Amino acid sequence: NAGVTQTPKFRVLKTGQSMTLLCAQDMNHEYMYWYRQDPGMGLRLIHYSVGEGTTAKGEVPDGYNVSRLKKQNFLLGLESAAPSQTSVYFCASSAGLNYGYTFGSGTRLTVV
Amino acid sequence: AQSVTQLGSHVSVSEGALVLLRCNYSSSVPPYLFWYVQYPNQGLQLLLKYTSAATLVKGINGFEAEFKKSETSFHLTKPSAHMSDAAEYFCAVSSSGGSYIPTFGRGTSLIVHP
């Protein structure tokens with residue numbers, strides 16, 4: 001029973017490099033989300049998806065892209081990394097509004 | 001529209017003392033309310049949830065929360081704090097008003113002193 005799995009767990013990027021964060025869930029959840037967590041800022045929603053093939057912008061989408069080609073996977077891409085994108089990224093999935101979220105363990109990204 | 005306010009970014013208690021973490025919400029429709037816990041270097045874990053059944057909700061690790069509509073509150077309590085309860089706690093609200101996005105509070109860090 002893996003739940004939500006995020007890869008990688010740690011990554012260091014140079015400014016301008018690109019990368020993709022992978023989120024996989026095995027609970028057949030329709031809804032998936034990407035958040036970033038920064039000290040004193042709480043959780044901020046980057047993008048989300050309400051089903052396979054759908055994506056939508058959250059609170060802080062600039063500099064990120066996402067794709068949900070398969071129901072179980074939600075990919076977060078950084079096109080050209082900037083130091084301001086240094087953060088801890090969390091993926092979450094949910095079966096619906098009244099079920100709550102299942103979170104992954106996070107990806108700690110440092111952009112130098 | 002919905003919002004969540006967690007009063008106090010840090011709460012400090014002694015081991016064995018009552019834990020009270022405050023959460024107030026606003027929602028134009030009946031809400032779903034949640035508490036999550038985040039231990040250091042981990043993701044958030046669902047502690048308990050209110051979804052319009054019993055107003056007193058029991059969760060994991062001895063925590064409970066009471067939904068009070070008149071006060072628009074959903075405070076988290078535990079009768080006796082353990083050292084292992086030291087963590088960040090987040091309150092969240094979602095509603096059936098059409099948004100798929102829950103709103104999270106800023107979090108409250110619980111510090112437990114021996």
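Our structure's up above, just so we're on the same page.
In this text, all values refer to a predicted model and were calculated from it rather than measured experimentally. (Residues numbered from 1 in each chain as written. Chains lettered and ligands numbered in written order. Predicted model: local features only at pLDDT ≥ 70, side-chain atom pairs only at ≥ 80, totals over all residues. Heavy atoms only, no water.)

**Student:** Any chance you could explain the overall build of chain A here in plain terms?
**Tutor:** If you tally the helices and strands in chain A, you get 0 helices and 11 strands. Starting at the N terminus and walking to the C terminus, you meet the elements of chain A as β-β-β-β-β-β-β-β-β-β-β. Relative to the 2.2 N^0.38 estimate, which gives 13 Å for 112 residues, the radius of gyration of chain A is 13 Å and therefore close to what a compact globule would have. Taking the principal axes of its C-alpha atoms as reference, chain A extends roughly 40 × 30 × 25 Å. (Helix = DSSP H or I, 4+ residues; strand = E, 2+ residues; numbered from the N terminus. Rg over C-alpha atoms; globule rule 2.2 N^0.38 Å.)

**Student:** Is there a simple way to explain the overall build of chain B in this structure?
**Tutor:** Helix and strand counts for chain B stand at 0 helices and 11 strands. The N-to-C order of helical and strand elements in chain B reads β-β-β-β-β-β-β-β-β-β-β. Computed over its C-alpha atoms, the radius of gyration of chain B comes to 14 Å, within 12% of the 13 Å expected for a compact globule of 114 residues. For the C-alpha atoms alone, the extent of chain B along its principal axes is close to 45 × 30 × 20 Å. Counting only residues that meet the buried cut, chain B has 44% of its 114 residues in that class. Accessible surface for chain B amounts to roughly 5500 Å². Of this, 53% is attributable to carbon and sulfur atoms. Side-chain charges in chain B split into 7 positive and 6 negative, and the spacing between the mean points of these groups amounts to 8 Å. (Buried < 20%, exposed > 50% of the residue type's maximum accessible area, 1.4 Å probe, protein only. Areas by Shrake-Rupley, 256 points an atom, 1.4 Å probe, with all protein chains shown as cover. Lys, Arg positive; Asp, Glu negative; His and termini not counted. Charge placed at Lys NZ, Arg CZ, Asp CG, Glu CD.)

**Student:** Just checking my understanding: could you explain the pattern of salt bridges for this structure?
**Tutor:** Once the charged atoms of two side chains with opposite charge are near each other, the side chains can pair. Tallied over the entire structure, the rule returns 5 salt bridges over all chains. For the salt bridge of Lys58 of chain B with Glu64 of chain B, the shortest nitrogen-to-oxygen distance reads 2.8 Å. (Salt bridge = Lys/Arg side-chain N within 4 Å of Asp/Glu carboxyl O.)

**Student:** What is the right way to look at the state of the cysteines in this model?
**Tutor:** In a disulfide, the sulfur atoms of two cysteines are held together by a covalent bond. Counted by the stated rule, this structure contains 2 disulfides over all chains. Put simply, Cys23 of chain A and Cys91 of chain A are joined by a disulfide, and their sulfur atoms are 1.9 Å apart. Handedness of the Cys23 of chain A-Cys91 of chain A disulfide follows from its S-S torsion of about -75°: it is left-handed. Placement of Cys23 of chain A in strand 3 (residues 19-25) and of Cys91 of chain A in strand 9 (residues 87-94) is noted, with a sequence separation of 68 residues between them. With respect to class, Cys23 of chain A is no different from Cys91 of chain A; both count as buried. The side chain of Cys23 of chain B participates in a disulfide bridge whose partner is Cys91 of chain B; the two sulfur atoms lie 1.9 Å from each other. (Disulfide = S-S within 2.5 Å.)

**Student:** Can you walk me through the sheet that holds strand 6 (residues 56-58) of chain B in this structure?
**Tutor:** Within a sheet, adjacent strands bond to each other through the backbone by hydrogen bonds, running parallel or antiparallel. Residues and elements named next belong to chain B. Taken in spatial order, the 5 strands of this open sheet run 1-3-8-7-6, and their pairing is antiparallel. If you trace the sheet from one side to the other, it starts and ends with strand 1 (2-7) and strand 6, each paired once. Neighbouring strand axes in the sheet, compared pairwise and without regard to direction, differ in orientation by 20° on average. Bridge count between strand 7 (residues 64-68) and strand 8 (residues 73-78): 5 bridges; the pairing is antiparallel. Residue pairing across strands places Lys68 opposite Ser73, the latter belonging to strand 8. (Pairing = 2+ DSSP bridges. Axes fitted to C-alpha atoms, helices over the stretch in contact; angles between N-to-C directions.)

**Student:** Is there a simple way to explain the sheet that holds strand 1 (residues 4-7) of chain A in this structure?
**Tutor:** Residues and elements named next belong to chain A. The antiparallel open sheet is built from 4 strands, whose spatial order is 1-3-8-7. Strands with a single pairing partner mark the edges of an open sheet, and in this sheet they are strand 1 and strand 7 (64-67). Across this sheet, the average inter-strand angle for adjacent strands is 20°, counted without regard to direction. Bridge count for strand 1 against strand 3 is 4 bridges, and the pairing is antiparallel. Note on strand 3: the bridge partner recorded for Thr5 is Ala24.

**Student:** Explain the side chain of Gln6 of chain B here, please?
**Tutor:** Residues and elements named next belong to chain B. Along the chain, Gln6 turns up in strand 1. Judged by relative accessible area, Gln6 falls into the buried class, the value being 11%. Only 3.0 Å separates the side chain of Gln6 from the backbone oxygen of Tyr89, close enough to count as a polar contact. For Gln6, the side chain forms a polar contact with the main-chain nitrogen of Gly107, separated by 3.1 Å. When near neighbours in sequence (up to four residues on either side) are disregarded, Gln6 contacts Arg22, Trp35, Tyr89, Phe90, Cys91, Gly105, Arg106, Gly107 and Thr108. (Polar contact = N/O pair within 3.5 Å; in protein donor to acceptor, adjacent residues only side chain to side chain. Contact = heavy atoms within 4.5 Å.)

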